[in-house]
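The lines below spell out each chain.
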Amino acid sequence: MHTRIYVLKPIVRAIACSALVILAARTAGAVSCGEVLGPKAGTVVLDSHLICPDEPVVTVVGPGTTLDLNGFYVTCSGSNSTGILVTGSGAKVKNGVVAECAVAAIAGSGRHKIEGLWSQKIRVDSDRNKISDCVTAFGDTDGFEIVGNDNLLKNNVAFSAGFNGFKISGDGNALKSNLAIETRHGFGFALFGAKDTKVIGNVSALNLADGFISTSAGNRFLKNLSVANDGNGSAGGFVASGTAADNRFQKNKALHNEGVGILVAGDGGMVSKNQVMHNTDGGIEIPTAASELKVTGNVSFGDQSTDMIEAESCADVQWKKNIFTTASDACVESHHSPHFGAWRSSPSTQPTLEANHEDSTSDDRSQCLTTSAIRHVRQGPVVPFGVDRSLGRGR
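For clarity, every value in this text was computed on a predicted model and none was experimentally measured.

A.B. asks: Explanation requested: the overall build of the protein chain in the structure shown.
C.D. replies: Looking only at helices and strands, the protein chain has four helices and 38 strands in total. Counting only residues that meet the buried cut, the protein chain has 52% of its 395 residues in that class. In the protein chain, 40% of the contacts between residues at least 6 apart in sequence involve partners at least 24 apart. By element, 53% of the accessible surface of the protein chain is carried by carbon and sulfur atoms, the whole surface being about 16,300 Å².

What follows is the structure in structure tokens.
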């Protein structure tokens, strides 16, 4: 008899746990306008659109709460501007559209996950969140605005933002494999006051202003692509302002921009192993008496102005092993690559992008992603990546 009881106990526990899991999920029939979900509400799955004048339409509070939009819309129907407010800690929102407003103020203690959403804007005020596979499009302000610290943004798209595609003001954030395309009034990636930011493997294309800009210290730009941006009178590709000390630009590509490919005005830092080609106002430019700056191992050619521009006769800038066709100062000429002379005299020896880039696979993928992302957003219907194509018709 005792043996039977011991055997039955784990079975009873398993049945009880299964029941709790089933009860943890509920549908949109119980979700009303302005409702607060959580904390510990389990997984809430929408089965229809939620159209409300409330501000916000719905609030998700962690921990232990997931809102699965299930491919449906959360729509602001009045003057409200916040579709979904995420607060507390450790909440999750995924897979749907926030229409006529924004997924705004991801606040609280942070550590939230936002996945697979389409919205006009996503704003992050808290720390240590992960924003992935989201699309912002056609908003009047920035596509993604990151005020908090130590957040990760990965595989997101900002299309036709009113101002900047990605605006970062918090510290220690990481941006990986994101796309900023066709901003109407601003930059693709704008680091305004943001320090110690890692910008890796992103693409900025066809934006009204610079592809990438930094105004603060300690940021790193690695393996990014800036192509066909309008510098609006300054740098079209990458720019570090005079206040942006110790920025590093490594293994990036700046191609066919209206302006300078890479312009660095801050002290310290490094411009290394970049490929800068066919920009209208020059290749790599150091416009002021920047000190302790290293410009090494870059390739720049085909720029309509000068490939290498040094405003202060190399007083405090180290130019080493660069490949180029034209330079503004003899001091730059004297520090070219050992392969420079042969390459310049024979067009057939001019290096290809792949030959002079240590990791061309990532960049080829970035260029492919640029084309596919533009096609995806323009073709419609307007659905986010990963959302079922039956969006708007239920499942």
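A.B. asks: Can you help me understand the state of the cysteines in this one?
C.D. replies: All chains considered together, the criterion is met by two disulfides. With its sulfur 1.9 Å from that of its partner, cysteine 33 forms a disulfide with cysteine 52. Around the S-S axis, the bridge from cysteine 33 to cysteine 52 shows a dihedral of about -75 degrees and counts as left-handed. Residue cysteine 33 is located in the loop between β1 (25-27) and β2 (35-37), and its partner cysteine 52 is located in strand β4 (residues 50-52); the two are separated by 19 residues in the primary sequence. With a relative accessible area of 0%, cysteine 52 lands in the buried category. A disulfide bridge connects cysteine 76 with cysteine 101, and the sulfur atoms are separated by 1.9 Å.

A.B. asks: Looking at this model, I keep getting lost on the pairing of strand β37 (residues 317-320). Mind explaining?
C.D. replies: Because side chains alternate across β37, one face comprises the buried residues Val317 and Trp319, and the other comprises Gln318 and Lys320, none of which is buried. Here four bridges tie strand β34 (residues 293-296) to β37, and the two strands are oriented parallel to one another. By the bridge assignment for β37, valine 295 is matched with tryptophan 319.

A.B. asks: Explain the packing of aromatic side chains here, please?
C.D. replies: The description of two aromatic rings rests on the distance between their centres and on the angle between their planes. Enumeration according to the criterion identifies nine aromatic pairs in this entry. Taken together, a centroid distance of 4.7 Å and an interplanar angle of 5 degrees make the contact between phenylalanine 221 and phenylalanine 249 stacked. Highlighted residues: phenylalanine 221 in strand β25 (residues 220-222) and phenylalanine 249 in strand β28 (residues 248-250), separated in sequence by 28 residues. Here the two residues phenylalanine 221 and phenylalanine 249 agree in accessibility, since each one is buried. Put simply, the rings of Phe144, Phe166, Phe189, Phe212, Phe221, Phe238 and Phe249 touch in pairs and so form one group of aromatic residues.

A.B. asks: Help me understand the pattern of salt bridges, please; the structure alone is not making it clear to me.
C.D. replies: Pairing between side chains of opposite charge can happen when the charged atoms of each approach one another. Per the counting criterion, the structure on display carries five salt bridges. Note that glutamate 145 is salt-bridged to arginine 123, the shortest N-O span being 3.1 Å. Taken as a pair, glutamate 145 in strand β15 (residues 144-146) and arginine 123 in strand β12 (residues 122-124) lie far apart in primary sequence, 22 residues in all. On the accessibility criterion, arginine 123 (26% relative accessible area) is partly exposed. Its salt-bridge partner being arginine 184, residue aspartate 140 comes within 3.9 Å of it at the nearest N-O pair. Of this pair, aspartate 140 sits in the loop between β14 (135-137) and β15 while arginine 184 sits in the loop between β20 (179-181) and β21 (189-191), and the two are 44 residues apart along the sequence. Taking the relative accessible area as the measure of exposure, arginine 184 reaches 32% and is therefore partly exposed.

A.B. asks: I keep staring at the pairing of strand β6 (residues 65-68) and nothing clicks. Help me out?
C.D. replies: A regular strand carries its side chains on alternate faces of the sheet. Of the two faces of β6, the one lined by Thr65 and Leu67 and the one lined by Thr66 and Asp68 are each fully buried. Sheet analysis places strand β3 (residues 42-45) next to β6, joined by four bridges and oriented parallel. Bridge assignment links threonine 43 to a residue of β6, and that residue is threonine 66. As judged from the three bridges shared by β6 and strand β9 (residues 92-99), these two strands associate in the parallel manner. If you follow threonine 66 over to β9, its bridge partner there is lysine 92.

A.B. asks: Just to check I follow, could you spell out unusual backbone geometry for this structure?
C.D. replies: Only a minority of non-glycine residues have a phi that is not negative, and only a minority of peptide bonds are not trans. Note that the residue after glycine 38, namely proline 39, is joined by a cis bond; omega there is 5 degrees. Turning to its location among the elements, proline 39 is positioned in the loop between β2 and β3. Here the residue pair glutamate 55 and proline 56 is connected by a cis peptide bond, since its omega of -10 degrees sits within 30 degrees of zero. Tracing the sequence through the fold places proline 56 in the loop between β4 and β5 (58-61).

A.B. asks: What's the story with a positive patch on the surface in this structure? I'm lost.
C.D. replies: Side chains of Lys113, Lys130, Lys154, Lys176, Lys198 and Arg248 sit close together on the surface and give a patch of like positive charge. Within the secondary structure, lysine 130 sits in strand β13 (residues 130-132). Residue lysine 130 is classed as partly exposed on the basis of its relative accessible area of 33%.

A.B. asks: Would you mind going over the side chain of asparagine 322 with me for this structure?
C.D. replies: Tracing the sequence through the fold places asparagine 322 in the loop between β37 and β38 (323-324). A polar contact is formed between the side chain of asparagine 322 and the backbone nitrogen of glycine 297, at a distance of 3.3 Å.

A.B. asks: Could you clarify how one ought to interpret the environment of arginine 123 in this entry?
C.D. replies: Separated by 21 residues in sequence, arginine 123 and alanine 102 have C-alpha atoms that sit 8.0 Å apart. For arginine 123, the side chain forms a polar contact with the side chain of glutamate 145, separated by 3.1 Å.

Scoring rules and cut-offs
- Residues numbered from 1 in each chain as written.
- Predicted model: local features only at pLDDT ≥ 70, side-chain atom pairs only at ≥ 80, totals over all residues.
- Heavy atoms only, no water.
- Helix = DSSP H or I, 4+ residues; strand = E, 2+ residues; numbered from the N terminus.
- Buried < 20%, exposed > 50% of the residue type's maximum accessible area, 1.4 Å probe, protein only.
- Contact = heavy atoms within 4.5 Å.
- Areas by Shrake-Rupley, 256 points an atom, 1.4 Å probe, with all protein chains shown as cover.
- Disulfide = S-S within 2.5 Å.
- Pairing = 2+ DSSP bridges.
- Phe/Tyr/Trp six-rings, centres within 6.5 Å; stacked < 30°, edge-to-face > 60°.
- Salt bridge = Lys/Arg side-chain N within 4 Å of Asp/Glu carboxyl O.
- Patch = residues over 30% accessible without salt bridge, like charges linked within 9 Å, V, L, I, M, F, W, Y side chains within 5 Å.
- Lys, Arg positive; Asp, Glu negative; His and termini not counted.
- Charge placed at Lys NZ, Arg CZ, Asp CG, Glu CD.
- Polar contact = N/O pair within 3.5 Å; in protein donor to acceptor, adjacent residues only side chain to side chain.

Shape descriptors only; they carry no functional weight alone.
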